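Summary of the model geometry
Chain residues, written in single-letter form:
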Amino acid sequence: MKYMMFVCTDTEPDTDKADEPDIDVWVSENDTRGRRLEGSALASTSAATTVRVRNGRLLVSDGPFAETKEVIVGYDLLECADLDEAIEVARAHPMARAGRLELRPLIDLND
Amino acid sequence: MTDAPAAATADAVAAASTDAYARIVAALIRITGDWTLAEDCAQEALTLALQRWPQEGVPGNPGGWLMTVARNRAIDVLRRASVERRKLAELAVPALADPDPTPAEEVVDDRLRLIFTCCHPALSLEARVALTLRTICGVATADIARAFLVSESTMTRRLTRAKTKIADAGIPYRVPTGPALAERLPGVLAVLYLLFTHGYNADGRPAFADEAIRLARLLRQLIPGQGEVSALLALFLFQHSRRDARRDRRGNLLPLDKQDRLRWDRAAITEGLHILAETPEDGPYALQARIAACHATAASVDATDWPAIAACYDKLARIHPHRWSS
C-alpha cells in the first residue's frame, strides 16, 4: 500500500533528546529498502498560495488555507505492506519526536 | 416436539456458539477479508442450528458443524459475487467431511489475530471496545448500543466506520511478534478492562463482565507467560466475586463495609488467588489485582491488610497509571 506521510510541527515536541534519529540515515535506509518512494521538505507557509474557484471566478490568496500553529513542513510517499510497517517507518523519523507524522493511505483509483 | 427438548437444543446452541462464534468469524475474516460477511455467515449458522438441531439432534461436534455451515454459506455468497478463484479454493480446502476443525493451530491463531486487529491503536478506543464485543463476542449491535447509552444507528455507524478504517488504512490481520507484542498487549488489556467496567445494563449491573472474563481466559491460554494477562483475569475474578453482594434489595450500591461477605463468590476468589500467584512482577494490573485480593480475602473491613494495600497504591502511583489507559 502507498501511504502519504505528512510531516507536521507540533506545539508539544518531545523533551527527551536521547538517541535522536538522523534524517539522512532515515532517508537512505528507507530509500534502500524501497519503502520511501519520494519526499521533500516544504518551503515555509509564508511562501504558500491558496487557489479556489467560486462561481467561475478564480480566487488566489496568500498563505495556507487555515491559520494553525501546526503546519505541514514536508512529506514522504511510502510504500509499505500495511499500516504496522508504515508506523514503524514513521516512528524512526526525527519529526516523530520534534513534531508529528500523519499517515494517509492513497486511494488506488484503478481498483 | 415438547418444550423440554427445544430448551435443551437452545442450550446446546448457546453453549456451542459461545465457543464457536469467534473461531468462525476469525477464520472467515482471514480467508475472505470481509468482516461483515464473516459475521453474517456465523450468525446464519447459529440460526440454522436452532432450526435443525431440534429435529436432527445435536451433532457430535457442534462447533465443527457450525464452522462447516458458515464456511459453505460464505462460499455461496462469494460464488454469487463471483470473486476470484483463489479465495474460493482456500475456503473449500477444509472439506465438509472435516470432523473436527478445532485442534488446528491456524484456528487458534485466527482468534488471536482477530483480538489484536479489533484492538489496534489506530482505531479509536470506543471503536475498539464496540468491535471487540460485536466481532469476537458476537454481542448484538442493539445490546452494545444500549449498554453504552447510544442509539443503535450510532453504534452501527461506529462499527461500520471501524471496519472501513481497517480496510482503508491497511491495518493488518496479524498478531504482533517480538518487541511489538509487548508494545501492543497493554492496549488489548485496556480494551478488556473497559469492556469489564464501562458497559451497564438497565439495572445498573455490568453488561459485559462475563465476556471480559472469557476473553481474558482466552488470551491467557493463547499467549501464556504474560504476567499482566493473568493479573487482569485475577482482577476481574475478584471484582466479579462481589457481583451478588454489591447492591441492596432496592438496587442501591453498597460500599465494601456494608456488603455481606458471605455472598462473595468464594470459588472465583480462590481461582483469582491461584492465577495471581503466577505473576511475581509489579505491573499495573498485578498491583490492582493484589489490592483487590486484600479486600477479597479479608473477613471484615477492620481485618483488611491496609498497609499492603497502601504499598500497592504507592507502587501504582510511581508507574504512571495513565499511560496504559490511553
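Note that residues are indexed from 1 along each chain, following the sequence as it is written. Chains and ligands are labelled by the order in which they are written, letters from A for the one and numbers from 1 for the other. Where local features are concerned, this predicted model is filtered to residues with pLDDT of at least 70; where side-chain atom pairs are given and counted, the filter is 80 or more; whole-chain, interface and lining totals use all residues. Side-chain numbers come from the whole structure's heavy atoms, not from hydrogens or water.

Chain A is annotated in an unreviewed UniProt entry as YciI family protein of Microtetraspora fusca. UniProt positions are given in the numbering used here, feature names are shortened, and annotations may be inferred rather than shown by experiment. According to its UniProt record, chain A has this under Sequence similarities (unreviewed entry): "Belongs to the YciI family."

**Some thoughts on the pattern of salt bridges**
All names here are of chain B. For salt bridges, the criterion is a side-chain nitrogen of Lys or Arg within 4 Å of an Asp or Glu carboxyl oxygen. In the structure shown here, the tally under the stated rule is 28 salt bridges over all chains. In this structure, the salt-bridge partner of aspartate 282 is arginine 290, at a minimum N-O distance of 2.5 Å. Overall, aspartate 282 belongs to the partly exposed group, its relative accessible area being 33%. Between lysine 315 and aspartate 282 there is a salt bridge whose closest N-O contact spans 3.0 Å. Taken together, the residues lysine 315 in helix 14 (residues 306–318) and aspartate 282 in the loop between helix 12 (266–276) and helix 13 (284–297) connect sequence positions 33 residues apart. Exposure is judged per residue with a 1.4 Å probe applied to protein chains only, and the accessible area is read against the type maximum: over 50% gives exposed, under 20% gives buried, and values in between give partly exposed. Strands are runs of DSSP state E lasting at least 2 residues, helices are runs of H or I lasting at least 4, and numbering of each runs from the N terminus.

**Some points on the domain arrangement of chain B**
All names here are of chain B. Residue ranges assigned to the domains are those given by an automatic or database domain assignment. Taken as a whole, chain B is organised into domain 1 (1–103), domain 2 (105–219) and domain 3 (225–326). Between domain 1 and domain 2, the residue contacts involve 17 residues of the former and 19 residues of the latter. Buried area is a sum: the accessible area each of two parts loses on coming together, probed at 1.4 Å, counted once for each and added. Across the domain 1 to domain 2 interface the summed buried area is about 1,600 Å²; carbon plus sulfur atoms make up 60%. Broken down residue by residue, the surface that domain 1 buries against domain 2 is led by Arg30, Trp35 and Glu39, which jointly contribute 39%. Throughout this description, a polar contact denotes any pair of N or O atoms lying within 3.5 Å of each other; where both atoms belong to protein, one of them has to be capable of donating a hydrogen while the other can accept it, and for residues adjacent in sequence the pair is counted only when both atoms sit in side chains. Scanning the region where domain 1 abuts domain 2 turns up four residue pairs in polar contact (both at pLDDT 80 or more). Listing elements by their share of the side of domain 1 that touches domain 2, those giving two or more residues are helix 1 (3–32) and helix 2 (35–56). Counting residues per element, the side of domain 1 that touches domain 2 draws most heavily on helix 1, which supplies ten residues. Contact definition: two residues touch when any of their heavy atoms are within 4.5 Å.

**Some remarks on the interface of chain A and chain B**
Contacts between chain A and chain B engage eight residues on the former and ten residues on the latter. Summing both sides of the interface, chain A and chain B together bury roughly 670 Å²; the carbon and sulfur share of this comes to 46%. Viewed at the interface, chain B and chain A are joined by four salt bridges. Across the pair A:Asp84 and B:Arg184 runs a salt bridge whose closest N-O atoms are separated by 3.5 Å. Joining chain A to chain B, the criterion identifies five residue pairs in polar contact (both at pLDDT 80 or more). The element best represented in the side of chain A that touches chain B is helix 2 (residues 83–91) of chain A, accounting for four residues.

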